[in-house]
Amino acid sequence: MTADTARPLLSRHAGALSGVTRVPGDKSISHRALMFGALALGESRIEGLLEGEDVLRTAAAMRALGARVERGTDGTWRLWGRGVGGLTEPADVIDMGNSGTGARLLMGLVATHPFTTVLTGDASLRSRPMKRVTDPLGLMGAGFVARGGGRLPLAVTGTDMPLPIRYDLPVASAQVKSAILLAGLNTPGKTTVVERAATRDHTELMLRAFGAEVTVEPLAEGGNAISVTGHPELTGRPVIVPGDPSSAAFPAVAALLVPGSDIHLPGVGINPLRDGLYRTLLEMGADIRFDNCRDQAGEPVADLTIRASTLTGVDVPADRAPSMIDEYPILAVAAACARGTTRMRGLAELRVKESDRLALMAKGLAACGIAVEEEADALIVHGTGSPPAGGATIAVHLDHRIAMSFLVLGMVARDPVTIDDGAAIDTSFPGFVPLMNGLGARIGAQS
Ligand code: S3P
């Protein structure tokens, strides 16, 4: 994004929010549905796919690798895959835009296909660490030529003689776990990933539903060993993508903070490995109801009702981080408006997301008049229980969640909050501004 095309947005103090609205489909599940559909034989129909830029990049990548991918006029996507091991060499560089999930899972997919794939991305993705994925995939036999620090642009030379590995994850990362399991699909024998802290399990759940053998063995020393057996016959199937709990977090926190609000968000995913933010908000005193809890194509889903609440600061334990890793920016906004101190620990991974989220949240909150302390892997926010000053312009550094978090802060701050560029929001939450304004927000182009 250049300065000429930046889209600054301003968020003003809002009146009570009300209404019923559906948040877009889950980003993690959408990427996986497209990738597994591209590997399966026969047709996969995907309902509720997130049509954000990150996921559209994955759809384009699956086409580039030989899958047939179509979007119906009703928004249903249909894929006809190539079978495990059947992807074909892309004719050009694949640009994954802003998407770390898309890039890392794709690296796993092509690592065990005997051809060369060249990947790039935007300035944010090109700055993110990829060695965490290239190291284990290298052990399986793939070759990589990358920029310094293992960064994109990067070429993957897939192996035709892949080796199954047992790999102990050095960081709690569903992306790394998934990349290895996807490489294991076209590898003989069992490929195993050991994770000490459980991370989102959408890959395991959906791979099984497509017909793969995936086992999860609890380990005596803690954690799980997750294995996939190579060369399964994956069969196309319907996928219904639930609403994204990470996207629902923004209207949900806005409704908690704006006095008098009462909103309803139907069909939001509540996978227990993704619900850390909601558990934390309940501990802070939030009025959130989960109704009609049900299973939707293998994922738990509920209808959420959120009412304005008086929040109190809490200590968020470090071991909760994997289940709310993307939600710390918006939790920090909730903490800024709560009464008392909120301590969030175990946040080192936030420094290597779409931006250094720990540094950007600390800097942005301070600019909005909030007392905040930034440590190497912790964020401590001192809320006063009254509306923050606001009045700042925040540089979002191509980070959608930083952008949405500060727009929510503007809804409760005394003075409007501006973000320098709202374009990144489209990566995960297309239609965010009209959806929020439909509930009662006052977000618009800076005038
Ligand atoms: C994701 C895993 C998380 C998360 C990201 C989506 C996934 O990243 O931050 O937005 O879909 O697997 P890490 O695996 O790097 O923690």
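In this section: the overall build of the chain. If you tally the helices and strands in the chain, you get 13 helices and 24 strands. Taking 2.2 N^0.38 as the reference for a compact globule, 447 residues should give roughly 22 Å; the C-alpha atoms of the chain span a radius of gyration of 21 Å, in line with that estimate. Across its three principal axes, the chain shows a C-alpha extent of roughly 60 × 50 × 45 Å. The burial tally for the chain puts 59% of its 447 residues in the buried class. For the chain, the proportion of contacts with a sequence separation of at least 24, taken over those separated by at least 6, is 76%. About 15700 Å² of surface is accessible on the chain, with carbon and sulfur atoms providing 52% of the total. Each charge sign in the chain was given a centre, from 42 positive and 48 negative side chains, and these centres are 1 Å apart.

A few words on the side chain of Arg274. Structurally, the position occupied by Arg274 is in the loop between strand S15 (262-269) and helix H9 (276-283). Among the polar contacts made by the side chain of Arg274, one reaches the side chain of His202 at a distance of 2.9 Å. Of the polar contacts made by the side chain of Arg274, one reaches the side chain of Ser246; its length is 3.0 Å. Those residues in contact with Arg274 that lie beyond four places of it in its chain are Asp26, Ser28, Arg200, His202, Asp244, Pro245, Ser246, Ser323 and Glu327.

We now examine the sheet that holds S15. Sheets are built from strands that pair by backbone hydrogen bonding, the pairs being arranged parallel or antiparallel. Taking strand neighbours across the sheet as the criterion, the four strands line up as S2-S15-S17-S16 in an open arrangement whose pairing is mixed. Every interior strand has two partners, whereas the edge strands, strand S2 (18-20) and strand S16 (287-296), have only one. Within the sheet, the average angular offset between the axes of one strand and its neighbour, ignoring direction, is 20°. With eight bridges joining them, S16 and strand S17 (residues 299-307) adopt antiparallel strand pairing. By the bridge assignment for S17, Asp291 is matched with Asp303. Most of the contacts of H9 go to S16, to which it runs at about 150°, and overall it touches S16 and S17.

The next point concerns the environment of Ala111. Structurally, Ala111 can be placed in helix H3 (residues 100-111). Sequence spacing of Ala111 and Leu182 is 71 residues, and the spatial spacing of their C-alpha atoms is 8.9 Å. With residues up to four places along the chain from it excluded, the contact list for Ala111 reads Leu137, Ala142, Val156, Gly158, Thr159 and Ala183.

Assigned domains within the chain: domain 1 (9-25 + 242-445) and domain 2 (27-240). The straight-line distance from the C-alpha centre of domain 1 to that of domain 2 is 28 Å. Summed over both partners, the interface of domain 1 with domain 2 buries about 2300 Å², with 52% contributed by carbon and sulfur atoms. At the surface where domain 1 touches domain 2, the tally comes to three salt bridges. A salt bridge links Arg132 to Glu349; the nearest nitrogen and oxygen atoms lie 2.9 Å apart. Classifying every residue of the side of domain 1 that touches domain 2 by side-chain character gives nine nonpolar, seven polar and nine charged.

Moving on, we come to the side chain of Ser44. Among the structural elements, Ser44 can be located in strand S3 (residues 43-47). Taking the relative accessible area as the measure of exposure, Ser44 reaches 0% and is therefore buried. Not counting chain neighbours up to four residues away, the residues in contact with Ser44 comprise Gly37, Trp77, Arg78, Leu79, Phe210, Gly236 and Arg237.

Before going further, it helps to spend a moment on the pairing of strand S12 (residues 214-218). The pairing of S12 with strand S13 (residues 224-229) spans five bridges and is classified as antiparallel. Each bridged residue has a counterpart across the sheet, and for Val214 the counterpart in S13 is Val228. Connecting S12 to the antiparallel partner S13 that follows it, the hairpin turn spans five residues, and Gly222 within it adopts a positive phi of roughly 100°.

Right, let's get into H9. Within the sequence span of H9, burial applies to Gly276, Leu277, Tyr278, Thr280 and Leu281. Lining the buried residues of H9 we find helix H8 (245-257), S16, S17, strand S18 (315-316) and helix H10 (328-337). Downstream of H9 by one or two residues, Gly285 has phi in the positive range, about 105°.

Rules used in this analysis
- Residues numbered from 1 in each chain as written.
- Predicted model: local features only at pLDDT ≥ 70, side-chain atom pairs only at ≥ 80, totals over all residues.
- Heavy atoms only, no water.
- Helix = DSSP H or I, 4+ residues; strand = E, 2+ residues; numbered from the N terminus.
- Rg over C-alpha atoms; globule rule 2.2 N^0.38 Å.
- Buried < 20%, exposed > 50% of the residue type's maximum accessible area, 1.4 Å probe, protein only.
- Contact = heavy atoms within 4.5 Å.
- Areas by Shrake-Rupley, 256 points an atom, 1.4 Å probe, with all protein chains shown as cover.
- Lys, Arg positive; Asp, Glu negative; His and termini not counted.
- Charge placed at Lys NZ, Arg CZ, Asp CG, Glu CD.
- Polar contact = N/O pair within 3.5 Å; in protein donor to acceptor, adjacent residues only side chain to side chain.
- Pairing = 2+ DSSP bridges.
- Axes fitted to C-alpha atoms, helices over the stretch in contact; angles between N-to-C directions.
- Domains from an automatic or database assignment.
- Buried area = accessible area lost by both parts, 1.4 Å probe.
- Salt bridge = Lys/Arg side-chain N within 4 Å of Asp/Glu carboxyl O.
- Nonpolar A, V, L, I, M, F, W, Y, C, P; charged D, E, K, R; others polar.

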